[in-house]
Structures are given as structure tokens and as C-alpha cells.
Amino acid sequence: MGDLRMLFAEDRNKVRNIVQGQFDLFQSMYKPFLEEYENKDLIRFSSSNGLKANICQDFGLPATNALVSSLPSTIKSYMGMKLGEKKILGESGQVVREITIGSREEAARCMQKVLRRTVMISSARQAVSGFLASGGVTAARYLAKKMSKAWKSWRQ
């Protein structure tokens, strides 16, 4: 989401291919987070026919606030600028900034915008750095190959 290269120079199935190829690694990497969220009653696992686990998420405002509060500070800071913040006294006695969230949908839209912008800036920097580091002719050849591969994936 937001990666400029995905618009014209990457295989449209790139993310799916990466996840499918490394699914076991993704499962082990995200398992602790899922267990933590299950312990906090933010998600629960259910199975149908005892075969495959499904994740059911709590979409209530308290759960949304809890999930947003667990985001990295930069993301929370940008969301706070867009949605507004209020200062509250935390359990430790320190003043804590809490993002003002009206609904789960509002928080999701805001987070998507923030992430899209963050990724876009990063991908633009990487593209410019790659162009400058490799030189114009080499970069143009590389880009042409990437675009050709991308177009093939878009036509499937």
C-alpha cells in the first residue's frame, strides 16, 4: 500500500508470492502477537470441523483503542495529528496521549492513509537512491525489465 513501484514496475502478485513462499516463517513470526491479542480478548480463534482455525476479531471501540495504542509511536503520532488527541493520566501517574477515535472505520481509514504516505515516501527515496547509485543507463535498463515483468503479471 503506497509503494510507487507497485503502480507500474512490480509483479501484482509479489506480496502473495512472498507470503505463500514463506508462510511457515510468517506464522512463527506473528504467532506471539496473535497469542497476545487473544489473551487480551481482542481476537479469538475458532475452528470449523476441527480443521482450520479462523480468527474472529472484536470490532468494538475499546478493542480498536487498544490496538491503536499498541502501534509504533510514529504511526500513533501521525494518527493523533489527523484524528486529535487527549491527554489522560495513565496508571503509572504519567500523562499519556490518547488518540481520539470516533469509530473503527475512522481509525482504519486514518491508519491506511498514514501507512500509505509512510510507504510512499520510503519507496520514492529508495527509487531515487537506486537511480543515483547505479547510474541512469543501468537504472533505465533495470526499470524496463521490471516493467516488462510487471505488465506480464497484470495481463494474467
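Residues numbered from 1 in each chain as written. Predicted model: local features only at pLDDT ≥ 70, side-chain atom pairs only at ≥ 80, totals over all residues. Heavy atoms only, no water.

The name an unreviewed UniProt entry assigns to the protein chain is Phosphatidate cytidylyltransferase, mitochondrial, from the organism Punica granatum. Per UniProt, the protein chain has the following entry under Sequence similarities (unreviewed entry): "Belongs to the TAM41 family." (UniProt positions renumbered as here; feature names shortened; annotations may be inferred.)

**Digging into the pairing of strand β3 (residues 85-89)**
Pairing geometry for β3 and strand β4 (residues 95-99), over five bridges, is antiparallel. The partner of Lys87 across the bridge, within β4, is Arg97. What sits between β3 and β4 in their antiparallel hairpin is a turn of five residues, with Gly93 showing a positive phi close to 90 degrees. (Pairing = 2+ DSSP bridges. Helix = DSSP H or I, 4+ residues; strand = E, 2+ residues; numbered from the N terminus.)

**With respect to the confidence of the model for the protein chain**
Mean pLDDT for the protein chain: 84, with 92% of residues reaching 70 or above. Within the protein chain, the element-level pLDDT minimum falls on helix α1 (residues 5-8), averaging 68, and the maximum on helix α5 (residues 73-83), averaging 91. (pLDDT = per-residue confidence, 0-100.)

**Here we look at the layout of surface pockets**
If you add up the space inside the largest pocket, you get close to 660 Å³. Looking at the largest pocket, it is lined by 29 residues, and the ones nearest its centre are Gln57, Leu67, Leu71, Met111 and Leu115. The dominant element in the lining of the largest pocket, judged by the number of residues it contributes, is helix α6 (residues 104-134), at five residues. When grouped by side-chain class, the residues that make up the lining of the largest pocket number 20 nonpolar, three polar and six charged. (1 Å grid on protein atoms, 1.4 Å probe; cavity = no way out; pocket = protein on both sides within 12 Å on 5 of 7 lines; lining within 4 Å. Points joined across faces, edges and corners; volume = space filled by probe spheres on them. Nonpolar A, V, L, I, M, F, W, Y, C, P; charged D, E, K, R; others polar.)

**Considering the pattern of salt bridges**
Under the defined criterion, the tally for this structure stands at four salt bridges. Across the pair Glu35 and Lys31 runs a salt bridge whose closest N-O atoms are separated by 3.9 Å. Within this pair, Glu35 and its partner Lys31 are both found in helix α3 (residues 23-39), separated by four residues, close to a single helical turn. With relative accessibility at 37%, the residue Glu35 sits in the partly exposed group. Its relative accessible area of 48% is what places Lys31 among the partly exposed residues. Among the salt bridges present, the one from Lys40 reaches Glu36, with a minimum N-O distance of 2.9 Å. The partly exposed category is assigned to Lys40, whose relative accessible area is 48%. Since its relative accessible area comes to 32%, Glu36 is described here as partly exposed. (Salt bridge = Lys/Arg side-chain N within 4 Å of Asp/Glu carboxyl O. Buried < 20%, exposed > 50% of the residue type's maximum accessible area, 1.4 Å probe, protein only.)

**Focus on α5**
Owing to its 3.6 residues per turn, the α-helix aligns residues three or four sequence positions apart on the same side. Among the residues of α5, those classed as buried are Ile75, Met79, Gly80 and Leu83. Mapping the buried residues of α5 onto a view down its axis gives an arc of 135 degrees, with all of them on the same face. Among the exposed residues of α5, those oriented more than 90 degrees off its buried face are Ser73, Thr74 and Met81. (Arc of directions from axis to C-beta.)

**Some words on the environment of Gly130**
With respect to the secondary-structure elements, Gly130 resides in helix α6. Placed 88 residues apart in sequence, Gly130 and Leu42 show a C-alpha to C-alpha distance of 41 Å.

**A short note on the environment of Arg44**
Tracing the sequence through the fold places Arg44 in strand β1 (residues 43-48). In sequence terms Arg44 and Ile18 are 26 residues apart; their C-alpha atoms lie 26 Å from each other.

**Section: a nonpolar patch on the surface**
There is a patch of nonpolar side chains on the surface, built from Met29, Tyr30 and Phe33 and spanning about 310 Å² of accessible area. With respect to the helices and strands, the residue Phe33 is situated in helix α3. (Patch = residues over 30% accessible without salt bridge, like charges linked within 9 Å, V, L, I, M, F, W, Y side chains within 5 Å. Areas by Shrake-Rupley, 256 points an atom, 1.4 Å probe, with all protein chains shown as cover.)

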